[in-house]
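Geometric and topological summary
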Amino acid sequence: MAKEVKTIGVLTSGGDAPGMNAAIRAVVRTAISDGLKVKGIMRGYAGLLAEEIIDMDSSSVADTINRGGTILYTARCMEFMTADGQKRGAEICKKHGIDGVVVIGGDGSYRGMGKLSALGINCVGVPGTIDLDIACTEYTIGFDTAVNTAMEAIDKIRDTSTSHERCSIIEVMGRHAGYIALWCGIGNGAEEILLPERYDGDEQAIINRIIDARKRGKKHYIIINAEGIGHSTSMARRIEAATGIETRATILGHMQRGGSPTCKDRVYASIMGSMAADLLAEGKTNRIVAYRHGDYVDIDLVEALAMQKDIPDVYYSVSKKLMR
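Quick caveat: nothing in here was measured; it's all calculated off a predicted structure.

1. Describing the overall build of the protein
Of the regular secondary structure elements, the protein holds eleven helices and eleven strands. Whereas a compact globule of 324 residues would reach a radius of gyration of roughly 20 Å, the protein reaches 22 Å, a difference of no more than 12%. Taken along the three principal axes of its C-alpha coordinates, the protein extends 70 × 35 × 35 Å. Here the protein holds 324 residues, and 53% of them are scored as buried. Restricting the contact set of the protein to residue pairs at least 6 apart, pairs at least 24 apart contribute 74%. On the protein, roughly 14,000 Å² of surface is accessible, and the fraction owed to carbon and sulfur atoms is 50%. Between the centroid of the 39 positive side chains of the protein and the centroid of its 41 negative side chains there is a distance of 2 Å.

Put into structure tokens, the structure is as follows:
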């Protein structure tokens, strides 16, 4: 029999992502529509342990769908990785009458969610990360905005790179995943895309291709480097020394996390947040909301965490054909 849920909490955990506010808004307003009360848990699991918990209503999320970041704030919490911290988190939920929690975040956030669920708090996860590195879903909140932010910046760097006839290495975010780098590499027409999932470390081969391109008359050379590889500045120095071509590194950094979310991030996040609230209203727990094969689905947490994700072959194959 499904557990009766009367009050749900919502939190954002891990790195922030544009579109999280759209998801929060959808959770709050859908839960109210379902006849539930809603509490906002500030600063993720750290805020839960500190009992930073507020009542939320429809007006709490008014005029937030266009805002980047997260109105609930976010933080890392080492204490919640311990059994004692998890037990105290569940006790605090019960103390505040919270029967279920929507967790908006990535894999690390989901593992904490699973512990809460095992301690009697119904939990549903919503994929919120710019890295697109959650295996169970083809879409994660914030990726579309982040990749468009990076793409626009790289277009601008290309202009000045061409003017100075230089090589530019642009490092994009993504932790250990190369999805932002791959999409920007294709979208920006880069000459090289360095992905953690594929890069063989052969820097001399890159140097040879840069020299060959200059002989063919190319006025610039754009290298998109994923955060998981990093060391862009030292790489630029080595390339310049080997080729004699002025080489500059630009690390785009946290600008990719900010900014007003794209329409896609607002709409997808709204649907996922609404679905998460509905699942809790039905008494479901240990579920992850995902987007797969054109449909919004919910997947068992254990099954979701066991899935593996890799760069799609078709994307990588096309990127290699276009780099000339």
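Moving on from the coordinates now.
2. So, unusual backbone geometry
The residue arginine 43 is not glycine, and still its phi comes out positive at about 60°. Judged by relative accessible area, which is 33%, arginine 43 ranks as partly exposed. Despite not being glycine, aspartate 63 shows a phi value in the positive range, around 60°. The residue aspartate 63 is located in the loop between strand S3 (53-56) and helix H3 (83-95) in this model. With a relative accessible area of 69%, aspartate 63 lands in the exposed category.

3. Focus: the nonpolar core
Grouped together as the largest cluster of nonpolar side chains are 61 residues, with contacts concentrated most on Ile8, Met56, Val102, Val172 and Ile224. Examining the composition of this core, we find that eight residues originate from one element, helix H9 (residues 263-281), more than from any other. Not counting chain neighbours up to four residues away, the residues in contact with isoleucine 8 comprise Val27, Ala31, Leu36, Lys37, Val38, Lys39, Ile98, Gly100, Val102, Ala277 and Leu280. Counting residues in each nonpolar core, the second largest holds 26 residues, with Tyr45, Phe80, Ala90 and Ala304 among its members.

4. Describing the sheet that holds strand S1 (residues 7-12)
Pairing in this open sheet of seven strands is mixed, and the strands run S3-S2-S1-S4-S5-S10-S11 from one edge to the other. Each having just a single partner strand, S3 and strand S11 (295-300) make up the two edges of the open sheet. Here the strands of the sheet are splayed against their neighbours by 25° on average, with no regard to which way each runs. Strand direction decides the pairing type here: S1 and strand S2 (residues 37-41), joined by four bridges, are parallel. When the sheet's bridge partners are listed, valine 10 is paired in S2 with glycine 40. Most of the contacts of helix H4 (residues 107-118) go to strand S5 (residues 122-127), to which it runs at about 170°, and overall it touches strand S4 (100-105), S5 and strand S10 (287-292).

5. Examining the side chain of threonine 7
You can see threonine 7 is positioned in strand S1. If sequence neighbours within four positions are ignored, threonine 7 has contacts with Lys37, Lys39, Gly97, Ile98, Asp99 and Gly100.

6. Details of the sheet that holds strand S9 (residues 247-251)
Pairing in this open sheet of four strands is parallel, and the strands run S7-S8-S6-S9 from one edge to the other. The strands lining the two open edges of the sheet, one partner per strand, are strand S7 (192-194) and S9. Across the sheet, the mean angle separating the axes of adjacent strands is 15° when strand polarity is ignored. Pairing geometry for S7 and strand S8 (residues 221-226), over three bridges, is parallel. Following the sheet pairing, isoleucine 193 is matched in S8 by isoleucine 224. Where helix H8 (residues 232-243) meets the sheet, its contacts fall on strand S6 (167-172), S7, S8 and S9, and the angle it forms with S9 comes to roughly 170°.

The rules behind the values
Residues numbered from 1 in each chain as written. Predicted model: local features only at pLDDT ≥ 70, side-chain atom pairs only at ≥ 80, totals over all residues. Heavy atoms only, no water. Helix = DSSP H or I, 4+ residues; strand = E, 2+ residues; numbered from the N terminus. Rg over C-alpha atoms; globule rule 2.2 N^0.38 Å. Buried < 20%, exposed > 50% of the residue type's maximum accessible area, 1.4 Å probe, protein only. Contact = heavy atoms within 4.5 Å. Areas by Shrake-Rupley, 256 points an atom, 1.4 Å probe, with all protein chains shown as cover. Lys, Arg positive; Asp, Glu negative; His and termini not counted. Charge placed at Lys NZ, Arg CZ, Asp CG, Glu CD. Core = buried A, V, L, I, M, F, W, Y, C linked by side-chain atoms within 4.5 Å. Pairing = 2+ DSSP bridges. Axes fitted to C-alpha atoms, helices over the stretch in contact; angles between N-to-C directions.

By themselves, these figures tell us nothing about what the structure is for.
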